[in-house]
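# Reading the structure
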Amino acid sequence: MLKSMIGQVPLFSKLPSGELDTLAANFKLKSYPAQTVLFQEGEHGDTLHIIVEGQIEILKAMDTPNEQLLGIRGAGEFIGEMSLLSRDGLRTASIRVHTDARMLELTRTDFNALLARVPTIAYEMLCVLTERMSESQNNAILDLMEKNRELADAYNKLQAAQTQIIEKEILDRELLQAREIQQNMLPGVLPQSDALDLGARMLPARMIGGDFYDVIPLGSDCIGIAVGDVSGKGIPAALFMALTIRLLRAEASTGNPPDEVLRRVNQHLLAMNVQGMFVTILYGFYMHSTRK
């Protein structure tokens, strides 16, 4: 039975019957469960394995973050030949059983004796090794191309993130400037008298907002006082707040009563407001002479 197995391996299929008998006497048939590590990269090797059943994995940098699968070998293929052919005898890769497998094992001594008896075996092995080297080279090129693609993708993402950071920094600076402009639109100095003590402070929920207050001089004896709150927050509310203040000051300068001033401001805002925003305003007069 072992002779029949050996004869079905492509590497030995052309050997005469007598040579197959010799190999059957030298080969050892062993079984290995899945996940068995036959040998590791860098170890000294002195055996050649021929797969009868199952599959094994060829790995570089096994059990490390850089682990790489070089290939999977199946029935009829051999492994471990490089350690027998190289001068230093080191394993060039790690071997792990992928599925339950049975393999024929040949020692270095028996392998050298086989080459001496059947030199053509070396040629057959050389052909297989050439195909494997070509396969490994192609896989290495494909792997390099994939890594280059991943590197380019990471670089593009890094550039996009850098652009977002720059844009955020610009936006933060612009919002800071907008906050300063909004603060400058509000009265910096409030009128004071023996009978009147005014104070105001505005702290928007965000960098800028829609809350506001105003004190509008309306002659030597009268001032208009307003407090307002625009719907929403952020830039839209701040813009609507600026518009409201300008309209309120313009209408208040006419000297009309507060209800007429607010009615006209409301008319202007309705004509300009297509976003559906609104503002709540408290506006009235204070007379120095009457203290009311």
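Report on the accompanying structure. (Residues numbered from 1 in each chain as written. Predicted model: local features only at pLDDT ≥ 70, side-chain atom pairs only at ≥ 80, totals over all residues. Heavy atoms only, no water.)

## Quick notes on the sheet that holds strand 10 (residues 222-230)
- Taken in spatial order, the three strands line up as 9-10-11 in an open sheet, and their pairing is antiparallel. If you trace the sheet from one side to the other, it starts and ends with strand 9 (211-217) and strand 11 (279-287), each paired once. Direction aside, neighbouring strands of the sheet carry axes that sit 15° apart on average.
- Where strand 10 and strand 11 come together, nine bridges link them in antiparallel fashion. Looking across to strand 11, one finds that Ile-223 is bridged to Tyr-286.
- Across the sheet, helix 6 (residues 234-252) lies against strand 9, strand 10 and strand 11, angled at about 20° from strand 9, the strand it touches most. (Pairing = 2+ DSSP bridges. Helix = DSSP H or I, 4+ residues; strand = E, 2+ residues; numbered from the N terminus. Axes fitted to C-alpha atoms, helices over the stretch in contact; angles between N-to-C directions. Contact = heavy atoms within 4.5 Å.)

## Let's talk about the packing of helix 2 (residues 17-26) against helix 4 (residues 108-117)
- Running from N to C, helix 2 and helix 4 cross one another at 175°; their axes reach a closest spacing of 11 Å. In terms of orientation, helix 2 lies roughly antiparallel with respect to helix 4. Residues Glu-19, Thr-22, Leu-23 and Asn-26 of helix 2 pack against Asp-110, Leu-114 and Arg-117 of helix 4. (Parallel < 35°, antiparallel > 145°, perpendicular 65-115°, else oblique.)

## Examining the side chain of Glu-251
- Following the sequence through the fold, Glu-251 ends up in helix 6.
- Ignoring anything within four residues of it in the chain, the contact list for Glu-251 reads Val-261, Arg-264, Val-265 and His-268.

## A closer look at the packing of aromatic side chains
- Here the structure, examined in full by the defined rule, presents one aromatic pair.
- Geometrically, the ring pair formed by Tyr-283 and Phe-285 is edge-to-face, given 6.0 Å between the ring centres and 85° between the ring planes.
- Owing to a relative accessible area of 8%, Tyr-283 belongs among the buried residues under this scheme.
- Over the aromatic face of Phe-39 sits the side chain of Arg-91, whose NZ or CZ is 3.7 Å from the ring centroid. (Phe/Tyr/Trp six-rings, centres within 6.5 Å; stacked < 30°, edge-to-face > 60°. Buried < 20%, exposed > 50% of the residue type's maximum accessible area, 1.4 Å probe, protein only. Lys NZ or Arg CZ within 6 Å of the ring centre and 35° of its normal.)

## Details of the sheet that holds strand 2 (residues 37-39)
- Ordered in space as 2-7-4-5, the four strands form an open sheet in which the pairing is antiparallel. For this open sheet the edge positions go to strand 2 and strand 5 (68-73), each flanked by a neighbour on one side alone. Neighbour-to-neighbour, the strand axes of this sheet turn through a mean angle of 30°, independent of strand direction.
- One ladder, built from four bridges, connects strand 4 (residues 56-60) with strand 7 (residues 94-97); its direction is antiparallel. The partner of Ile-56 across the bridge, within strand 7, is Val-97.

## Structural notes on helix 4
- Those residues of helix 4 that fall on the buried side of the exposure criterion are Asp-110, Phe-111 and Leu-114. All buried residues of helix 4 lie within an arc of 105° about the axis, which places them on one face of the element. Counted as exposed and oriented over 90 degrees from the buried face of helix 4: Thr-109 and Ala-116.
- Residues of helix 4 that are buried sit in contact with helix 2, strand 3 (47-53), helix 3 (81-85), strand 8 (101-107) and helix 5 (120-185). (Arc of directions from axis to C-beta.)

## Here we look at the packing of helix 5 against helix 6
- Axis separation between helix 5 and helix 6 bottoms out at 11 Å; the angle between their running directions is 25°. Classified by the angle their axes make, helix 5 and helix 6 are roughly parallel. Considering how the two elements wind past one another, helix 5 and helix 6 form a crossing that is left-handed. Side by side, helix 5 and helix 6 meet where Leu-175, Gln-182 and Met-185 of the first sit next to Ile-235, Ala-238, Met-241, Ala-242, Arg-246 and Arg-249 of the second.
- A class-by-class count of the residues in the contact of helix 5 with helix 6 yields six nonpolar, one polar and two charged. (Left-handed = near helix turned anticlockwise from the far one by under 90°. Nonpolar A, V, L, I, M, F, W, Y, C, P; charged D, E, K, R; others polar.)

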